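# Coordinates in review
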Amino acid sequence: MSVRTGIGYDSHRYAPGGPMRLGGVDIPGDLRLSGHSDADAICHAVTDALLGAASLGDIGSMFPDTDVANRGRDSIEMLGLALDRLRDRGFRVVHIDATVIAERPKIGPHRDAIRARLAAALGIAVDAVSVKGKTNEGMGWVGRGEGLACIAVATVAGRDG
Ligand code: MG
């Protein structure tokens with residue numbers, strides 16, 4: 001089976017005023033993520049991981065922040081468009097593993113909602129989507145609460161897989 005993996009990374013700065021969109025889920029609270037689109041760092045990292053697995057470039061070239069069409073854009077929609085590109089080339093998504101690095105919000109209470117949202121967007125089973133949360137132990141810009149980061153790994157199978 002032709003199995004390929006890709007890695008994606010994204011980070012966004014916090015801004016006042018919730019909710020915070022993460023993995024397509026609105027997380028209540030007093031913080032949001034600031035960015036050109038809806039700043040959904042999980043979706044952006046997963047999108048880049050998928051594009052990387054298929055060697056199809058990156059989210060920045062697919063959805064440039066100089067394009068007004070991408071302003072405030074729903075990142076679940078962007079994820080779906082990247083998925084279409086993979087499917088056009090005969091790839092199917094096997095598994096997603098994402099880790100959020102943030103002092104807050106706590107990911108645990110929202111994990112299953114995020115997994116379900118991503119699974120639906122990707123057309124795969126919920127148990128093929130893993131979402132984990134970690135703090136940065138108070139260190140660095142994440143530790144100071146300036147923003148959060150997400151790392152994702154995508155496993156895809158090729159047409160011959
Ligand atoms: Mg981003």
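Higher on the page you've got the structure.
A short tour of the structure in this document, coming up. If you're wondering where the values come from, they're calculated on a predicted model, not measured in any experiment. (Residues numbered from 1 in each chain as written. Predicted model: local features only at pLDDT ≥ 70, side-chain atom pairs only at ≥ 80, totals over all residues. Heavy atoms only, no water.)

## Examining the sheet that holds strand β1 (residues 3-16)
Paired through their backbone hydrogen bonds, the strands of a sheet run either parallel or antiparallel. Pairing is mixed across the open sheet formed by five strands, whose spatial order is β4-β1-β7-β5-β6. What marks the edges here is a single partner per strand, and that holds for β4 (31-34) and β6 (129-134). When the angles between neighbouring strand axes are averaged without regard to direction, this sheet yields 25°. Strand direction decides the pairing type here: β1 and strand β7 (residues 147-157), joined by 11 bridges, are antiparallel. Residue pairing across strands places I7 opposite V153, the latter belonging to β7. Those strands touched by helix α1 (residues 41-53) are β1, β4, β5 (92-101) and β7, and its axis lies near 155° from that of β1. The strands touched by helix α4 (residues 111-122) are β5 and β6; relative to β6, the strand with the most contacts, the crossing angle is about 145°. (Pairing = 2+ DSSP bridges. Helix = DSSP H or I, 4+ residues; strand = E, 2+ residues; numbered from the N terminus. Axes fitted to C-alpha atoms, helices over the stretch in contact; angles between N-to-C directions. Contact = heavy atoms within 4.5 Å.)

## Here we look at α4
Helix length check: α4, at 12 residues, gives a terminal C-alpha distance of 16 Å against a target of 16 Å (1.5 Å per residue), a fit within 8%. Against the buried residues of α4 lie β2 (20-22), β3 (25-27), α1, α3 (75-88), β5 and β6. At the C-terminal side of α4, G123 shows a positive phi close to 65°. (Expected span 1.5 Å × (residues − 1).)

## Observations regarding the coordination of the magnesium ion
Surrounding the magnesium ion are the protein donor atoms D10 (OD), D10 (OD), H12 (NE2) and H44 (ND1), at 2.2 to 2.7 Å. Mapped onto the sequence, the residues coordinating the magnesium ion show the spacing D-x1-H-x31-H. With a gap of 32 residues between them, H12 in strand β1 and H44 in helix α1 connect regions that are remote in the sequence. Neither H12 nor H44 differs from the other in exposure class; each is buried. (Donors = N, O, S within 2.8 Å, 3.2 Å for Na, K, Ca; no water. Buried < 20%, exposed > 50% of the residue type's maximum accessible area, 1.4 Å probe, protein only.)

## What about the packing of α1 against α3?
The N-to-C vectors of α1 and α3 enclose an angle of 10°; their axes lie 9 Å apart at closest approach. Classified by the interaxial angle, the pair formed by α1 and α3 is roughly parallel. Across the interface between the two elements, C43, H44, V46, T47, L50 and L51 of α1 pack against S75, I76, M78, L79, A82 and L86 of α3. Classifying every residue of the contact of α1 with α3 by side-chain character gives nine nonpolar, three polar and no charged. (Parallel < 35°, antiparallel > 145°, perpendicular 65-115°, else oblique. Nonpolar A, V, L, I, M, F, W, Y, C, P; charged D, E, K, R; others polar.)

## Some words on the nonpolar core
Within the largest apolar cluster, 48 residues are counted, with the highest numbers of intra-cluster contacts made by V46, L50, L118 and L148. For this core, the element with the highest residue contribution is α1, accounting for nine residues. Apart from residues lying up to four places away in sequence, L118 is in contact with G23, I42, C43, I76, L79, V129 and V131. (Core = buried A, V, L, I, M, F, W, Y, C linked by side-chain atoms within 4.5 Å.)

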